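# Observations on chain architecture
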Amino acid sequence: TLEQAGLRHFKDEIYMNVKDNTTNSIISLIDEEREGEIIDKTLVKNIIELYEQMGMGSLDSYTNDLEQPLLDATRAFYGRKREDWIARDSTPDYLIKAEKALVEEKERVGAYLNTATEPKLRSVVEDEILQKVQMNLLEKEGSGCGVLLANDKTADLQRMFSLFSRLENGLQPMADIVEKFITSQGNACTEKRQARLDSGQKDKNDDPDFVKSLIDLHEKYLGVIRETFSSHHLFQKALKNSFEVIVNNDVGTFSNAELMSTFCDRILKSGGEKLSETEVEQSLDRIVQLFSFLTDKDMFAEIYRNQLAKRLLNQRSASDDAEKAMIAKLKVQCGTQFTSKMEGMLNDLAVGSEQKSEFDARMEQQTDTKLSFGVQVLTIGHWPSYKAPEVALPPQMQKCMEVFKEWHDAKHQKRRLTWVHSLGNATVRATFGKKSYDLQVTTLQAIVLNSFNDGKTYGFNELKELLNLEDITLKPLLHSLSCGKHKIISKTPANNKINSTDKFCGNPKFSSNMRKIRIPVANVDSSHSKNRVEEDRSVAIEAAIVRIMKARKALSHQQLVAEVLSQLAFFKPQPRVIKKRIEALIDREYLERSAENSQQYNYLA
């Protein structure tokens, strides 16, 4: 057409002669605008449209004659700016300028450049002012990412996250710094606990301040990752990795698993932390979040189950609903297998309360005892194992037990009862002069007190023989009654240690302002059995090995160890422990070593 012929003639005669000068002029004008000066945008837009028309239906002329030189000039311009900003500005100030530059370049494309230029121009600017100095900005002394985290500079961190998310793999270095920073904050909490212990503070399995410091730390940075880093998966992983290090870094005699379980115990038992229902729910949610990072989840379960048993059996649980809620949270985290015994314990108590009224009616018919007698029947597989001393019982207690056994055996012929007196409790009416007191004690304490009814004085060994109790059981009982706050029994000599040469008798001078008196006794059972946990772990490892080998038939040592570790959810054993269990299974002929390769195992059906 005539128009196309005219354009072609214009291109050959005029455009080709002036394009280089025109391109340089346009780039100069754009650089002036970048420096803050006002230019004639309409003029620039009209000239750029001419470049587009010279392509005769394509953008070749625009791309080759204007766009590429502009991109080269932009790279040079922002290269100079980068060197100037990085030398003079803090990281937040630098990022404010970078953000402003990127916004302006986008607006520039909208005002007069072709839209196809926008991604190329953006890429050049991002490369020059972000990619090339990323680590300098992140690690800059006094204003880098770690400093911004330490000073809670939310807006600056959000800007950093937004800008570096533009780069390919731009967030990984930032996430690494966040992980390192959170780990250092957690280590500071652990070091404070270590310092307290080093200064002579007694190490106990109850350190609520330490556990609260970890909960607060997790809560804080969980919020930072949600709000500042938009819950990005790299930062969620950074939080997880850092807390797996923090939570599994034990100091002192007691593991973090035990400290966390005891923290739950404080919340859930009556007389512990004074919290509202909402605060209890909140605290349990947060401790379960911490628990999710524990490697030794099975150790936590063993300790928690022991403490739960004490709360339930001593009627010290503040709320059944809170107990059920905590078990439900653990179940969500670890599955039914993890909480089945705990649920069984609660179920035993529910069933027991239904049977109590039926037995109470039977007691009224059959005995003339003045004792109020109740029995809690527990399923042995659900509860921790306890010592069951064969104590010599007073006749009235013996009679009550016989009535219950007869009634229980008639109802449940296939069950066998084992009496565990160390878990029982009693209220003993004690009269001193004209005053009476209700002493809240354990069953064993009640049996000891009953021995002094006749006003006799007993030596330690006499009492031991009379009650058929061992030293390890009798000494804490006598200590609680003769050396504690309430000295119901007099001891000669009067000191705080129980010796086999001591003499004991009722204390006629005992007096108290309280009518109801609770007399605690030192617990001789540990909060958990490490041997039991180790045994359970051995069984779990062997079961995993057999399960894997049955499916795969033959595996190398390294592959088998890796698969076992991936299958064990509640603890992470050392590879040497797994090797030991493999050897045990070879001895028992579940597996064999391959004849061709000693590092290969075959399954024996």
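Below, the structure is looked at part by part. Predicted model only: the values in this text are computed from it and were never measured. (Residues numbered from 1 in each chain as written. Predicted model: local features only at pLDDT ≥ 70, side-chain atom pairs only at ≥ 80, totals over all residues. Heavy atoms only, no water.)

## Points about the packing of aromatic side chains
The criterion, for reference: Only Phe, Tyr and Trp rings take part, Trp by its six-membered ring, and two of them pair if their centres are within 6.5 Å. Stacked means planes under 30 degrees apart, edge-to-face means over 60, and tilted covers everything else. Numbering of helices and strands runs from the N terminus; a helix is a DSSP stretch of H or I covering at least four residues, while a strand is a stretch of E covering at least two. Burial classes: relative accessible area under 20% of the type maximum marks a residue as buried, over 50% as exposed, and values in between as partly exposed (1.4 Å probe, protein chains only).
As enumerated under the stated definition, the model contains 17 aromatic pairs in all. A centroid spacing of 5.5 Å and a plane angle of 45 degrees characterise the contact between Phe 404 and Trp 407, whose relative ring orientation is tilted. Here Trp 407 and Phe 404 lie together in helix H17 (residues 395-411), a separation of three residues that amounts to about one turn. Summarising the burial analysis for this pair, Phe 404 and Trp 407 share the class buried.

## A few points about the sheet that holds strand S5 (residues 503-506)
Let me state the cut-off plainly: In this scheme, strands are said to pair when DSSP sees at least two bridges between them.
With antiparallel pairing, three strands are arranged side by side in an open sheet as S3-S5-S4. Taken across any chain shown, the strands that pair with only one partner, and hence form the sheet edges, are strand S3 (458-459) and strand S4 (489-492). Pairing geometry for S4 and S5, over four bridges, is antiparallel. When the sheet's bridge partners are listed, Lys 491 is paired in S5 with Phe 504.

## Side note on helix H20 (residues 471-482)
Note the cut-off: Here a helix's expected span is defined as the number of its residues, less one, multiplied by 1.5 Å. Contacts are assigned to residue pairs that have any heavy atoms within 4.5 Å of one another.
In this model, H20 (twelve residues) spans 16 Å end to end at C-alpha, consistent with the 16 Å of a helix rising 1.5 Å per residue. Of the residues making up H20, those classed as buried are Thr 473, Leu 474, Pro 476, Leu 477, Leu 478, Ser 480, Leu 481 and Ser 482. Residues of H20 that are buried make contact with strand S2 (435-442), helix H18 (443-451), helix H19 (460-467), S4 and S5.

## Comments concerning the side chain of Glu 33
Cut-off, in case you're wondering: Polar contacts here mean pairs of N or O atoms no more than 3.5 Å apart (in protein, one a potential hydrogen donor and the other a potential acceptor; neighbouring residues in sequence count only if both atoms are side-chain atoms).
By secondary structure assignment, the location of Glu 33 is in helix H1 (residues 2-34). Within the local environment of Glu 33, its side chain forms a polar contact with the side chain of Lys 41, the two groups lying 3.4 Å apart. Here Tyr 112 takes part through its side chain, which lies 2.5 Å from a polar atom of the side chain of Glu 33.

## Describing the packing of H19 against H20
Rule in force here: In this analysis an axis means a line fitted to C-alpha atoms, helices contributing only their contacting stretch, and an angle means the value between N-to-C directions, from 0 to 180 degrees. The labels follow the angle: roughly parallel below 35 degrees, roughly antiparallel above 145, roughly perpendicular from 65 to 115, and oblique for the rest. By convention, the crossing between two helices is left-handed when the near helix turns anticlockwise from the far helix through less than a right angle, and right-handed when the turn is clockwise. In the scheme used here, Gly and all other residues not listed as nonpolar or charged are polar, with Ala, Val, Leu, Ile, Met, Phe, Trp, Tyr, Cys and Pro taken as nonpolar and Asp, Glu, Lys and Arg as charged.
In the contact formed by H19 and H20, the axes pass within 11 Å of each other and the chain directions differ by 115 degrees. The orientation of H19 relative to H20 falls into the category roughly perpendicular. H19 and H20 meet at a crossing whose hand is right-handed. Together, Phe 460, Leu 463, Lys 464 and Leu 467 of H19 and Asp 471, Leu 474, Lys 475 and Leu 478 of H20 make up the contact between the two elements. Across the contact of H19 with H20, the residue classes tally to five nonpolar, no polar and three charged.

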